[in-house]
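# Descriptive analysis of the structure
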Amino acid sequence: MNNFIDNIPSLPWWTWIFLFLFLVAIWDIFIQRRHTIKHNFPIVGHLRYWLESIGPEMRQYFVANNREELPFNRIERGWIYASAKKENNYEGFGSDRDLYAHQHIFIKNRMMAFSVPEGHPNAIEPTFVPCAKVMGLYNKRKKPFRPSSVVNVSAMSFGSLSAAAVEAMNKGVKKAQAYHNTGEGGLSSYHKHGGNIVFHFGTGYFGVRTPDGNFSMEKMKKLVEDNPCIKAIEIKLSQGAKPGKGGVLPGAKITPELAEIRGVEVGKDVLSPATHKAFSNVQELLAFIEDIANETGLPVGIKGAIGKLDQWEELADLMLATGKGPDFITVDGGEGGTGAAPPSFADHVSLPWVYGFSSLYKVFLNRNLTDRIVFIGSGKLGFPAKAAMAFAMGVDCINVAREAMMSIGCIQAQACHNNTCPTGIATQNKWLQKGIDIPLKSDRLAQYFNTFKKELLEITHAAGYEHPSQFTMDDVQVNVDDNDLNRSLASTYGYNKVKVAFTSVQDLKDCSYLGGKIEDNTLKA
Ligand SMILES: Cc1cc2nc3c(=O)[nH]c(=O)nc-3n(C[C@H](O)[C@H](O)[C@H](O)COP(=O)(O)O)c2cc1C
């Protein structure tokens, strides 16, 4: 025995490999019970799991063509990366798209484009594209808010995103004059780096909740009083990737920091129910919106993915009857992203954006209510041509989530749900987050937003308009089928958008509500 031990250091190197493989085989055959393949094919069975785990990356790098991947193909990702890095984001030789493909859109250019006069705000700042409507003006809220940018960061919580990612986004929106929606996880210190905030909450009421999980108006008031960066409040009814789906935040993930921000207990599972406790019908929702707006003075809106229309119709009828209502409505498409959702929800529940938004807009159009609402769209709209289509259909602002993530380095690894995001963006792993250079990434987000706005404006000018709010449903054509190859948005979706009361970009620039500057609307009629 002693002899054998003495000889161990002189064993050839390959015996160590052999020994290691032998131990793996013992483990595979006699100890592990989870994988039949590993049991039946010890050692080589591991290859199958390893190849499966790197399959998405391999396909992305070697196999998939430029336009093939989903949710975002290589051309789309490449455009965001290049825009964010201020690199050349053009393509040469001409489009590689099949322009005759189903659902392909065309924006109709004018014979002579809009020419930006000397001294015009866009002659000075070609990325200045504020919202043409003011949130909360119709309802006479104390602090109306005109978003200074039509492109903004959509709801994504601290918890689903890392601290470093949230901070980079907040610093980025400040540079791009956009707003930052907090998502459901409450307002964290990482959200407070100068960017305007839309405070968002769902059924868990994180950040504004009582110990037993109900909504606390006292906490809501205090939060708004303590944080003047909050310019509007969004109540989440549903999101496109998982409408009507509740969830559990496992106690193991609840660190003292997360518990403090969300108002929950460390280490204890927290339930986000499928429905709200603060209201149970449309009338109560309307009263809830009014209460929050009255107590905080801020514009209050709702976010929803669209399916059945009956309750939206009821809401619109009540708005007509009472003269009250949400200051903004965010319509999320079924193609929307999420930190985590069951595939059957993400793939099948709720309508894709064009169908959902067109159905919803008509509900308010038919009752002449569109002027009272700022419409926000989200669902893969983070590209200039798609945004132009959305404006033609009636949106006033665009929210982007995954596109914003890509601008700060997301590689579409689709690992947001298992805490292993390799780019440190959608993970709480401290080591992975350390790779995020916050000042650099905040510049990247701002550069993506600014390039987006600049190109959207260039398309707008090509169509003969000064501001994207002027797009009409007849300015965009969509390929529908072979017999009747393309039709205007108006005939495809069956309505004409109501003209937005836009006067000039100069007037938007001079507006006292721009970026939520004014505290009290009594200053302005
Ligand atoms: C990581 C992640 C977290 C999200 N968290 C929320 C959330 O807390 N509340 C919500 O309403 N939507 C949430 N969303 C949905 C986005 O706000 C957005 O509506 C959706 O992804 C569509 O926009 P996109 O196509 O630009 O990603 C999340 C999306 C992602 C990718």
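A few points on the structure. Because the structure is predicted, anything quoted here is derived from the model rather than measured.

### A few points about helix α17 (residues 438-462)
Here α17 is 25 residues long and its end C-alpha atoms lie 36 Å apart, about the 36 Å a rise of 1.5 Å per residue gives. Positive backbone phi, at 95 degrees, marks Gly464, one or two positions downstream of α17.

### Observations concerning the side chain of Ser149
Relative to the assigned elements, Ser149 resides in the loop between α6 (121-124) and β2 (151-153). Ser149 sits in the buried class, given a relative accessible area of 0%. At 3.4 Å, the side chain of Ser149 forms a polar contact with the side chain of Lys453. Excluding residues within four positions of it along the chain, Ser149 makes contact with Val129, Pro130, Ala176, Gln177, Ala178, Cys397 and Lys453.

### Quick look at a nonpolar patch on the surface
Among the surface-exposed residues, Trp13, Trp14, Ile17, Phe20, Leu21 and Ile43 lie close enough to one another that they form a single nonpolar patch of about 670 Å² accessible area. Secondary-structure assignment places Leu21 in helix α2 (residues 13-31). Owing to a relative accessible area of 33%, Leu21 belongs among the partly exposed residues under this scheme.

### Here we look at the layout of surface pockets
Its boundaries defined by the atoms lining it, the second largest pocket holds a volume of some 760 Å³. In this structure, the second largest pocket is lined by 23 residues; those nearest its centre are Leu237, Ser238, Ala305, Gln311 and Trp312. Of all the secondary-structure elements, those providing two or more residues to the lining of the second largest pocket are α10 (282-296), β8 (300-305) and α11 (310-322). When its residues are assigned to classes, the lining of the second largest pocket shows twelve nonpolar, nine polar and two charged.

### A closer look at the sheet that holds strand β1 (residues 105-107)
What holds strands together in a sheet is hydrogen bonding between their backbones, with the strands either parallel or antiparallel. A sheet is described by the order of its strands in space; here three strands give the open sequence β1-β12-β13, paired in antiparallel fashion. The open sheet is flanked by β1 and β13 (486-488), the only strands paired with a single partner. The sheet shows a mean angle of 25 degrees between the axes of neighbouring strands, direction not considered. Pairing analysis gives three bridges linking β1 to strand β12 (residues 476-479), with the strands arranged antiparallel. Bridged to Ile105 within β12 is Val478. Each of β1 and β12 is contacted by helix α14 (residues 384-393), which is oriented at about 80 degrees to β1, the strand it contacts most.

### Focus on the pattern of salt bridges
One pass over the structure, following the stated rule, counts 17 salt bridges. Asp317 is the salt-bridge partner of Arg367, the closest N and O atoms lying 2.6 Å from each other. A residue pair is termed long-range when its members are at least 10 positions apart, and Arg367 in the loop between α13 (353-365) and β10 (374-378) and Asp317 in helix α11 qualify at 50 residues. On the accessibility criterion, Arg367 (16% relative accessible area) is buried. Its relative accessible area of 39% is what places Asp317 among the partly exposed residues.

### A short note on the site of the ligand
Looking at the ligand, there are 23 residues lining it, with Ala155, Gly337, Lys380, Arg402 and Glu403 nearest. Within the contact set of the ligand, a nitrogen atom lies 3.3 Å away from a side-chain nitrogen or oxygen of Gln239. Separating an oxygen atom of the ligand from a side-chain N or O atom of Asp332 is a distance of 2.9 Å. Isolated, the ligand exposes 610 Å² of accessible area, and the fraction of that covered by the protein chains is 97%. Ranked by residues supplied to the shell around the ligand, first place goes to helix α15 (residues 402-407) with three residues.

### A short note on the packing of helix α5 (residues 74-84) against α17
Packed helices, taken two at a time, are described by the angle their axes make and the gap between the axes. Two elements in contact, α5 and α17, have axes separated by 7 Å at closest approach and are oriented at 110 degrees. Judged on the interaxial angle alone, α17 and α5 are roughly perpendicular. Of the residues in α17, those touching α5 at Trp79, Ile80, Ser83 and Ala84 are Arg444, Gln447, Tyr448, Thr451, Phe452 and Glu455. Classifying every residue of the contact of α5 with α17 by side-chain character gives five nonpolar, three polar and two charged.

### Describing the side chain of Glu466
With respect to the secondary-structure elements, Glu466 resides in the loop between α17 and β12. Despite its burial, Glu466 remains without a salt bridge, the nearest opposite charge being carried by Arg110 at 11 Å. Here His120 takes part through its side chain, which lies 2.7 Å from a polar atom of the side chain of Glu466. Not counting chain neighbours up to four residues away, the residues in contact with Glu466 comprise Phe114, His120, Asn122, Leu457, Thr460, His461, Phe502, Thr503, Ser504 and Val505.

### A look at the environment of Ala401
Position of Ala401 among the secondary structure elements: in the loop between β11 (397-400) and α15. Between the C-alpha atom of Ala401 and that of Thr338, which follows or precedes it by 63 residues, the distance is 8.9 Å.

### Quick notes on the nonpolar core
Grouped together as the largest cluster of nonpolar side chains are 114 residues, with contacts concentrated most on Phe201, Met220, Trp353, Phe364, Met393 and Phe449. Apart from the residues lying within four places of it in its own chain, the contact partners of Phe201 are Val208, Phe215, Met220, Ile233, Glu234, Ile235, Lys236, His276, Phe288 and Ile292. In terms of nonpolar packing, the next biggest core, distinct from the first, is built from ten residues, Cys131, Phe145, Tyr179 and Phe328 among them.

Cut-offs used in this document
Residues numbered from 1 in each chain as written. Predicted model: local features only at pLDDT ≥ 70, side-chain atom pairs only at ≥ 80, totals over all residues. Heavy atoms only, no water. Helix = DSSP H or I, 4+ residues; strand = E, 2+ residues; numbered from the N terminus. Expected span 1.5 Å × (residues − 1). Buried < 20%, exposed > 50% of the residue type's maximum accessible area, 1.4 Å probe, protein only. Polar contact = N/O pair within 3.5 Å; in protein donor to acceptor, adjacent residues only side chain to side chain. Contact = heavy atoms within 4.5 Å. Patch = residues over 30% accessible without salt bridge, like charges linked within 9 Å, V, L, I, M, F, W, Y side chains within 5 Å. Areas by Shrake-Rupley, 256 points an atom, 1.4 Å probe, with all protein chains shown as cover. Salt bridge = Lys/Arg side-chain N within 4 Å of Asp/Glu carboxyl O. 1 Å grid on protein atoms, 1.4 Å probe; cavity = no way out; pocket = protein on both sides within 12 Å on 5 of 7 lines; lining within 4 Å. Points joined across faces, edges and corners; volume = space filled by probe spheres on them. Nonpolar A, V, L, I, M, F, W, Y, C, P; charged D, E, K, R; others polar. Pairing = 2+ DSSP bridges. Axes fitted to C-alpha atoms, helices over the stretch in contact; angles between N-to-C directions. Near = heavy atom within 4 Å. Parallel < 35°, antiparallel > 145°, perpendicular 65-115°, else oblique. Lys, Arg positive; Asp, Glu negative; His and termini not counted. Core = buried A, V, L, I, M, F, W, Y, C linked by side-chain atoms within 4.5 Å.

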